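Understanding the architecture of this molecule
The chain contents come next:
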Amino acid sequence: MLVCSALLSRRVAGGGCRSLCAVPPSLIHIRSARLAEPGTRRSDEEPLWEETGNLPFSRAKIGSFIQERPVLKNPFLEDALLRGYLRRHLPHEAAFSDLCAFGERVANEVDEWGRECEITPPRLVHFDPWGRRVDHIVTSSAWKRMKDLSAQEGLVAIGYERSFGEWSRVYQMSKLYIFSPSSGLYTCPLAMTDGAAKVIQSIGVSWPVDEAYSRLTTRQPERFWTSGQWMTERQGGSDVGSGTETVAAPQADGSYKLHGFKWFTSATDADMTLTLAREQDRSGATTPGSRGLSLFYAEVSRGEDGRLKGIEVQRLKDKLGTRQMPTAELLLDGLQAHRISEEGRGVASIANMLTITRIHNSISAAAAMRRVVQLAGDYATRRTAFGKLLKDHPLHMQTLARMEVETRGAFLLVMDVCRLLGREESGVATELDAHLLRLLTPVVKLYTGKQAVAVVSEGLESFGGQGYIEDTGLPGLLRDAQVLSIWEGTTNVLSLDVLRCVARSSGMVLDAFFTHAKSLLAGASSVSSLSPAVTAVDTALSELKDFVQVAATREPGYLELAARDLAFSLARIYTGALLIDHASWKEASSSDTYAALRWCEQDLCPVSTQQARGCYDPSTAPLDAALVYDQPTQS
Ligand code: MFK
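Keep in mind that what you see is a predicted model, and the values were worked out from it rather than measured. (Residues numbered from 1 in each chain as written. Predicted model: local features only at pLDDT ≥ 70, side-chain atom pairs only at ≥ 80, totals over all residues. Heavy atoms only, no water.)

Brief notes about the overall build of the protein
Scanning the protein from N- to C-terminus turns up 23 helices and twelve strands. Taken over C-alpha atoms, the radius of gyration comes to 28 Å for the protein, in line with the 26 Å a tight globule of 635 residues would show. Dimensions of the protein, computed from C-alpha atoms along their principal axes, come out at roughly 105 × 75 × 75 Å. Put simply, the protein has 635 residues, and 52% of those count as buried. When contacts within the protein are restricted to residue pairs at least 6 apart in sequence, long-range pairs at least 24 apart make up 74% of them. Of the roughly 28,900 Å² of accessible surface on the protein, 53% is carried by carbon and sulfur atoms. Each charge class in the protein was averaged separately, 69 positive and 75 negative side chains, and the resulting centres sit 2 Å apart. (Helix = DSSP H or I, 4+ residues; strand = E, 2+ residues; numbered from the N terminus. Rg over C-alpha atoms; globule rule 2.2 N^0.38 Å. Buried < 20%, exposed > 50% of the residue type's maximum accessible area, 1.4 Å probe, protein only. Contact = heavy atoms within 4.5 Å. Areas by Shrake-Rupley, 256 points an atom, 1.4 Å probe, with all protein chains shown as cover. Lys, Arg positive; Asp, Glu negative; His and termini not counted. Charge placed at Lys NZ, Arg CZ, Asp CG, Glu CD.)

The structure is reproduced here in structure tokens:
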């Protein structure tokens with residue numbers, strides 16, 4: 001009773017007309033009855049609570065307080081940074097109105113489909129009722145609608161139509177960014193579809209892949225195809241060169257039959273795939289390692305008997321997240337395929353696909369952060385605790401603001417990589433752009449993958465216990481974020497990729513990095529409000545340069561131990577420079593400046609900090625191992 005009355009007065013104090021009006025008259029009656037002894041009548045006019053049925057929490061009554069849910073609003077209109085970024089770089093009315101209309105559709109229609117994909121996950125039907133093996137992956141109707149929508153909205157096509165020239169990729173990825181958290185993970189097949197189109201374009205659109213290319217990049221739903229990317233085999237997904245067992249047996253007509261076991265094939269309901277295999281010579285022998293791998297194109301089709309041709313679906317994976325999407329183990333048992341790379345150039349040829357899927361991955365990471373920040377921000381305007389709305393608690397706002405800074409950084413970093421990709425594809429990229437694109441692709445993927453998990457986890461916490469409740473849809477955001485640092489290259493594999501591209505370019509990618517970061521700072525030199533941030537990035541660049549000079553004189557193991565911290569330093573410094581650059585734009589807001597200042601307060605060059613502590617010295621590796629395998633001492 002006391003609780004009820006306190007709650008009521010708190011509602012009144014909160015000033016919410018809606019909440020006051022929502023209190024039923026019966027509750028007000030309960031307040032007046034409070035002074036009576038239970039079971040006694042104060043007067044003949046005042047009935048017992050039980051008689052009036054006014055007792056809260058009795059029988060079907062659950063009390064008057066119903067928690068308000070966070071509301072998803074148009075994710076384009078709600079995103080000040082996205083709109084500001086596009087106003088600055090792609091000020092086209094057509095792009096704005098398309099993104100605005102799509103954002104409306106995402107909020108009002110597509111988000112529901114995404115939820116349906118989550119609660120109706122795919123299932124595998126091995127046999128038909130009459131005993132025939134069919135290996136049918138049954139997906140929800142919402143998943144199928146996502147495919148049609150993707151074609152209609154040009155979610156892959158935009159990147160190839162290039163209506164906005166060098167900014168076409170930025171436009172395409174902006175659409176994917178507002179779509180991703182509502183897409184029911186349909187962004188995964190789209191990433192691979194985009195990657196496959198890119199590979200085909202780079203090797204030449206001719207037979208046998210010309211038809212496939214036109215289907216991957218069409219806007220017509222009835223013609224649209226998605227592609228798989230079957231790389232991971234049972235020995236693991238990182239060391240593709242030694243882990244690939246699949247063999248390609250040459251056929252008389254010039255095609256191949258593939259035999260192997262693909263351990264992790266995502267969005268397995270695709271219409272075609274690109275995959276790696278080892279070509280057999282006449283004696284059946286193959287070449288080991290990466291040098292033995294070639295790239296193959298195969299269509300996924302069924303025979304008249306209803307069976308998949310040359311493929312058996314062994315089982316669907318039971319995953320932590322991304323449950324909306326079928327991921328399967330596939331036995332390739334004579335799958336007809338065509339080699340589309342030169343012999344032994346499989347890894348190099350599929351690298352274009354890796355670039356595209358890693359950028360998509362980063363878009364999904366930034367989008368997951370943005371979505372949870374949007375929902376948490378909205379919820380903070382509805383949820384009252386300790387007598388006021390969450391938004392009026394400074395500590396809560398500080399937490400959300402820190403998430404916002406991370407989200408803004410991730411967004412600008414990935415959009416800059418999209419900008420570079422767009423420049424390369426439209427033929428206007430300088431050598432510096434090409435080096436930056438190669439270096440920043442693994443950097444953005446690994447950094448945003450980690451950020452997404454941290455920010456989404458923090459976001460769930462900001463909903464209190466509700467963030468942990470499955471049918472709010474919030475836990476799925478965290479489950480799906482966790483994959484972003486794993487697939488398409490783990491953090492360590494990508495850190496080593498950074499080292500490799502530095503070495504292979506003889507340091508040119510780093511030269512490009514220093515040059516461009518400096519030029520971004522130069523544009524902000526006259527903006528006094530940004531000077532602490534400019535100084536911080538400038539100092540970090542000097543520290544990084546010192547690190548590189550020292551590291552170049554050390555043994556390779558030194559750099560390997562430093563690889564992750566180096567990649568993080570590159571991400572933080574470059575992102576700092578981008579935030580500063582955006583904040584120095586003449587139409588920038590005070591929030592843009594504040595975000596840049598806050599970002600640059602962190603350790604921007606952890607590789608230098610850790611180097612000073614001796615973390616990469618040769619003595620460290622055995623100490624790390626001893627710590628990990630520390631055994632209890634014998635007494
Ligand atoms: C929401 C969106 C999400 C996306 C959904 C996708 C779902 C699909 C799930 C998956 O399929 S996850 C599996 C993805 N697999 C990986 O990401 C593989 C991770 N491992 C690596 O990236 C290794 O670094 C790699 C396999 C590439 C190492 O193989 P190698 O043979 O040791 O590579 P090597 O010798 O360094 O390079 C061979 C050639 O490829 C070289 O070319 P050249 O011979 O011309 O010099 C390299 O330059 C080139 N190359 C390698 N990595 C490259 C690259 N080129 C450009 N970019 C890269 N990243």
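Continuing now.
Comments concerning the site of the ligand
The full set close to the ligand counts 26 residues, and Ser238, Ser290, Arg345, Arg358 and Arg500 are the nearest of them. One of the side-chain N or O atoms of Arg358 is found 2.9 Å from an oxygen atom in the ligand. Alone, the ligand offers 1,200 Å² of accessible surface; in the complex the protein occludes 81% of this. Secondary-structure elements contributing two or more residues to the shell around the ligand are helix 10 (187-203), helix 13 (346-380) and helix 17 (491-504). Residue contributions to the shell around the ligand peak at seven residues, all from helix 13. Grouping the constituent residues of the shell around the ligand by class yields ten nonpolar, nine polar and seven charged. (Near = heavy atom within 4 Å. Polar contact = N/O pair within 3.5 Å; in protein donor to acceptor, adjacent residues only side chain to side chain. Nonpolar A, V, L, I, M, F, W, Y, C, P; charged D, E, K, R; others polar.)

Looking at the nonpolar core
Judged by nonpolar contacts, the single largest core of 156 residues is most densely connected at Phe179, Phe513 and Ile580. By residue number, the principal contributor to this core is helix 13, which donates 17 residues. Contacts of Phe179, omitting those with residues within four sequence positions, involve Phe102, Val106, Val110, Met146, Leu149, Ser150, Leu155, Tyr186, Thr187 and Leu190. Core analysis: the next-biggest nonpolar cluster, separate from the first, contains 17 residues, Val313, Leu316, Ala328 and Leu330 among them. (Core = buried A, V, L, I, M, F, W, Y, C linked by side-chain atoms within 4.5 Å.)

A closer look at the packing of helix 5 (residues 80-89) against helix 9 (residues 168-179)
Helix 9 packs onto helix 5 with a crossing angle of 170° between their chain directions and a minimal axis gap of 12 Å. Regarding the angle of helix 5 to helix 9, the classification is roughly antiparallel. Contact with helix 5, carried on its side by Leu82, Tyr85 and Leu86, involves Val170, Ser174, Tyr177 and Ile178 of helix 9 and no other residues of that element. Across the contact of helix 5 with helix 9, the residue classes tally to six nonpolar, one polar and no charged. (Axes fitted to C-alpha atoms, helices over the stretch in contact; angles between N-to-C directions. Parallel < 35°, antiparallel > 145°, perpendicular 65-115°, else oblique.)

Let's talk about the pairing of strand 1 (residues 123-127)
Sheet topology places strand 1 next to strand 2 (residues 133-138); four bridges connect them, and they run antiparallel. Within strand 2, the residue paired with Leu124 across the bridge is Ile137. (Pairing = 2+ DSSP bridges.)

With respect to the confidence of the model for the protein
For the protein, the average pLDDT comes to 91, and 91% of its residues sit at 70 or higher. Considering only residues more than four positions removed or in separate chains, one finds that residues 1-43, a stretch of pLDDT under 50, has 33 contacts. (pLDDT = per-residue confidence, 0-100.)

Overview of the state of the cysteines
Within the structure shown, the criterion is met by zero disulfides. Free cysteine: Cys117, not disulfide-bonded; nearest cysteine sulfur from Cys188 at 13 Å. Exposure remark for Cys117: the relative accessible area of 1% places this residue in the buried category. Of all cysteine sulfurs in the structure, the one in Cys605 sits closest to Cys600, which takes part in no disulfide; the separation is 13 Å. (Disulfide = S-S within 2.5 Å.)

Examining the packing of aromatic side chains
For the structure shown, the criterion picks out 16 aromatic pairs. With a centroid separation of 5.7 Å and an interplanar angle of 35°, the aromatic rings of Phe513 and Tyr574 are classed as tilted. Note that Phe513 is positioned in helix 18 (residues 508-522) and Tyr574 in helix 20 (residues 556-583), a separation of 61 residues in sequence. For the pair Phe513 and Tyr574, a shared accessibility class is recorded, and that class is buried. A centroid spacing of 5.8 Å and a plane angle of 85° characterise the contact between Tyr558 and Tyr616, whose relative ring orientation is edge-to-face. In this pair, Tyr558 is assigned in helix 20 and Tyr616 in the loop between helix 22 (606-612) and helix 23 (620-628), connecting sequence segments 58 residues apart. Of the residues examined, Tyr558 reaches a relative accessible area of 2% and is grouped as buried. Accessibility expressed as a relative area gives 3% for Tyr616, which makes it buried. Members of the aromatic cluster, connected to one another through ring pairs, are Tyr85, Tyr177 and Phe411. Stacked on the ring of Phe514, the Lys or Arg Lys545 has its end atom at 4.6 Å from the ring centre. (Phe/Tyr/Trp six-rings, centres within 6.5 Å; stacked < 30°, edge-to-face > 60°. Lys NZ or Arg CZ within 6 Å of the ring centre and 35° of its normal.)

A few points about the pattern of salt bridges
Across all of its chains, the model carries 43 salt bridges by this definition. Linking Glu404 and Arg408 is a salt bridge whose minimum nitrogen-to-oxygen distance equals 2.8 Å. Placement of the pair is Glu404 and Arg408 together in helix 14 (residues 394-425), with a separation of four residues, close to one helical turn. By relative accessible area, which is 19% here, Glu404 ends up buried. In this structure, Arg408 and Asp592 form a salt bridge, with 2.8 Å as the shortest nitrogen-oxygen distance. Taken together, the residues Arg408 in helix 14 and Asp592 in helix 21 (residues 590-599) connect sequence positions 184 residues apart. (Salt bridge = Lys/Arg side-chain N within 4 Å of Asp/Glu carboxyl O.)

A word on the packing of helix 17 against helix 20
Packed helices, taken two at a time, are described by their axes: the angle between them and the distance between them. Where helix 17 contacts helix 20, the axes come no closer than 8 Å and their chain directions differ by 90°. Regarding the angle of helix 17 to helix 20, the classification is roughly perpendicular. Contacts between helix 17 and helix 20 involve Thr491, Asn492, Ser495, Leu496, Val498 and Leu499 from the first element and Leu559, Glu560, Ala563, Arg564, Leu566, Ala567, Phe568 and Leu570 from the second. Class assignment of the residues belonging to the contact of helix 17 with helix 20 gives a composition of nine nonpolar, three polar and two charged.

What about the UniProt feature "domain: Acyl-CoA dehydrogenase/oxidase C-terminal" (unreviewed entry) in the protein?
According to UniProt, the "domain: Acyl-CoA dehydrogenase/oxidase C-terminal" (unreviewed entry) feature falls on residues 344-500. Secondary structure content for residues 344-500 is 75% helix and 3% strand, and the end C-alpha separation is 20 Å. (UniProt positions renumbered as here; feature names shortened; annotations may be inferred.)

Here's the deal with unusual backbone geometry
Looking along the chain, the bond that leaves Trp207 and enters Pro208 is cis, with omega of 10°. Along the chain, Pro208 turns up in the loop between helix 10 and helix 11 (210-216). Positive phi, normally seen in glycine, also occurs at Leu185, with a value near 70°. Assignment of secondary structure puts Leu185 in the loop between helix 9 and helix 10. At Glu488, a residue that is not glycine, the phi angle is positive and equals roughly 60°.

Things to note about the pairing of strand 6 (residues 256-266)
In this sheet, strand 6 lies alongside strand 4 (residues 232-233) in antiparallel orientation, the contact comprising two bridges. Residue pairing for strand 6: Thr232 is matched across the bridge by Phe264. As paired strands, strand 5 (residues 247-250) and strand 6 are joined by four bridges and run antiparallel to one another. Looking at strand 6, one finds that Val247 is bridged to His259. Counting the residues that bridge the hairpin from strand 5 to strand 6 gives five residues, and of these Gly254 lies at a positive phi of roughly 95°. As paired elements, strand 6 and strand 10 (residues 327-339) share nine bridges and run antiparallel to each other. Its bridge partner lying in strand 10, His259 is registered against Asp333.

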